[in-house]
Amino acid sequence: MDRGLFITFEGIDGCGKSTQIGLLTDWLEKRKADFVLVREPGGTPVGEKIRTILLDKENDGMSPVAELLLFEAARAQIVSERIRPALCEGRYVICDRFFDSTYAYQGVARNLGTDLVNGLNRMAAGGLEPDLTFFLDISVDESFKRRRSRAIEDDRIELLGRDFQNKVRGGYLEAAKASQRIKTVDASGTPEEIFNIIKGYITERE
Ligand code: Z5A
């Protein structure tokens, strides 16, 4: 392979991305693999400022189009500043959410249109696509159960409720059906069971 492997994690709120990313980075460290870990929105000084605006509950009057463009702006920055350079150096890049989030949240759940979102995703990512995407699939009931067990407050997007989460999940299922790159992983099992499946896909792809 002439560049590093680009791996993204996706799913509805509380699906266990952070938990799986923790297991993956532990595994990569044990193998002495060189990796970069980033998250969207954020991951750069500009992107972290955009993240604060996007998740701030006081910004409840933000228009859906403004929201979409802010996610894409943060993405353009992280791709050029962090992701592409790391891949060119042959490193793994692990990204907590990428453009499939925009497809599911803004394109489908916000109903802004998947063609529009796909076009903006291509522009912001400069044509770059992940090599492997793990869609950690849980039910909306399980998502709410897990979120209740956390000690942190919900952000602006987490406050949108069950109907919205159902639509987001539908968006992911639709995207996964259309793409070989997206691996749907039943994320209702234990963290170790889920990670074994993920490890299998990565080993197969390396
Ligand atoms: N967003 C968007 O709308 N459009 C976009 O283009 C992009 C993002 C890029 C970012 O929030 C928000 O931006 C997000 C989508 C939107 N909106 N929401 N909502 P974020 O990055 O702050 O939050 P998040 O991405 O939703 O992640 P999270 O809430 O931190 O959850 P997580 O990382 O997926 O899950 P976790 O922290 O690993 O696990 C959640 C809890 O479940 C925790 O207590 C764990 O201990 C527990 N857990 C984890 N795995 C298991 C298993 N297997 N069994 C039982 N319990 C488990």
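To keep things clear, this report deals only with the structure shown in the data block. All figures in this text were calculated on a predicted structure; none of them were measured in a lab.

**Here we look at the packing of helix H4 (residues 99–109) against helix H7 (residues 162–178)**
Now for step 1: H7 packs onto H4 with a crossing angle of 125 degrees between their chain directions and a minimal axis gap of 8 Å. By the angle between their axes, H4 is oblique relative to H7. Judged by the twist between their axes, the crossing of H4 over H7 is right-handed. Residue-level inspection shows Asp-100, Ser-101, Tyr-103, Ala-104, Tyr-105, Val-108 and Ala-109 of H4 in contact with H7, the latter providing Phe-164, Gln-165, Lys-167, Val-168, Gly-171, Tyr-172, Glu-174 and Ala-175.
Now for step 2: Split into classes, the residues belonging to the contact of H4 with H7 amount to 9 nonpolar, 3 polar and 3 charged.

**A few points about the packing of helix H1 (residues 17–30) against helix H8 (residues 191–205)**
Now for step 1: For the pair H1 and H8, interaxial distance at closest approach is 10 Å and the crossing angle is 55 degrees. It follows from the interaxial angle that H1 and H8 lie oblique. Here H1 and H8 pass one another in a crossing that is right-handed. Where H1 abuts H8, its residues Thr-19, Gln-20, Leu-23, Leu-24 and Trp-27 lie against Pro-191, Ile-194, Phe-195, Ile-198, Lys-199, Ile-202 and Thr-203.

**Looking at the site of the ligand**
Now for step 1: Near the ligand there are 27 residues, and of these Asp-13, Ser-18, Thr-19, Thr-102 and Arg-150 occur at the shortest range.
Now for step 2: Between a nitrogen atom of the ligand and a side-chain N or O atom of Asp-13, the distance comes to 2.6 Å.
Now for step 3: One nitrogen or oxygen atom from the main chain of Gly-189 is found 2.9 Å from a nitrogen atom belonging to the ligand.
Now for step 4: Relative to its unbound accessible surface of 1100 Å², the ligand loses 83% to contact with the protein.
Now for step 5: In terms of residue count, H4 provides more of the shell around the ligand than any other element does, 4 residues in total.
Now for step 6: When grouped by side-chain class, the residues that make up the shell around the ligand number 7 nonpolar, 10 polar and 10 charged.

**What about helix H2 (residues 45–55)?**
Now for step 1: Listed as buried for H2 are Gly-47, Ile-50, Arg-51 and Leu-54. Taken around the axis of H2, the buried residues stretch over an arc of 110 degrees, which confines them to a single face. In H2, those exposed residues whose orientation departs by more than 90 degrees from the buried face are Pro-45, Lys-49 and Thr-52.
Now for step 2: Among the structural elements, strand S2 (35–39) and helix H3 (64–88) are those in contact with the buried residues of H2.

Parameters and conventions
- Residues numbered from 1 in each chain as written.
- Predicted model: local features only at pLDDT ≥ 70, side-chain atom pairs only at ≥ 80, totals over all residues.
- Heavy atoms only, no water.
- Axes fitted to C-alpha atoms, helices over the stretch in contact; angles between N-to-C directions.
- Helix = DSSP H or I, 4+ residues; strand = E, 2+ residues; numbered from the N terminus.
- Parallel < 35°, antiparallel > 145°, perpendicular 65-115°, else oblique.
- Left-handed = near helix turned anticlockwise from the far one by under 90°.
- Contact = heavy atoms within 4.5 Å.
- Nonpolar A, V, L, I, M, F, W, Y, C, P; charged D, E, K, R; others polar.
- Near = heavy atom within 4 Å.
- Polar contact = N/O pair within 3.5 Å; in protein donor to acceptor, adjacent residues only side chain to side chain.
- Areas by Shrake-Rupley, 256 points an atom, 1.4 Å probe, with all protein chains shown as cover.
- Buried < 20%, exposed > 50% of the residue type's maximum accessible area, 1.4 Å probe, protein only.
- Arc of directions from axis to C-beta.

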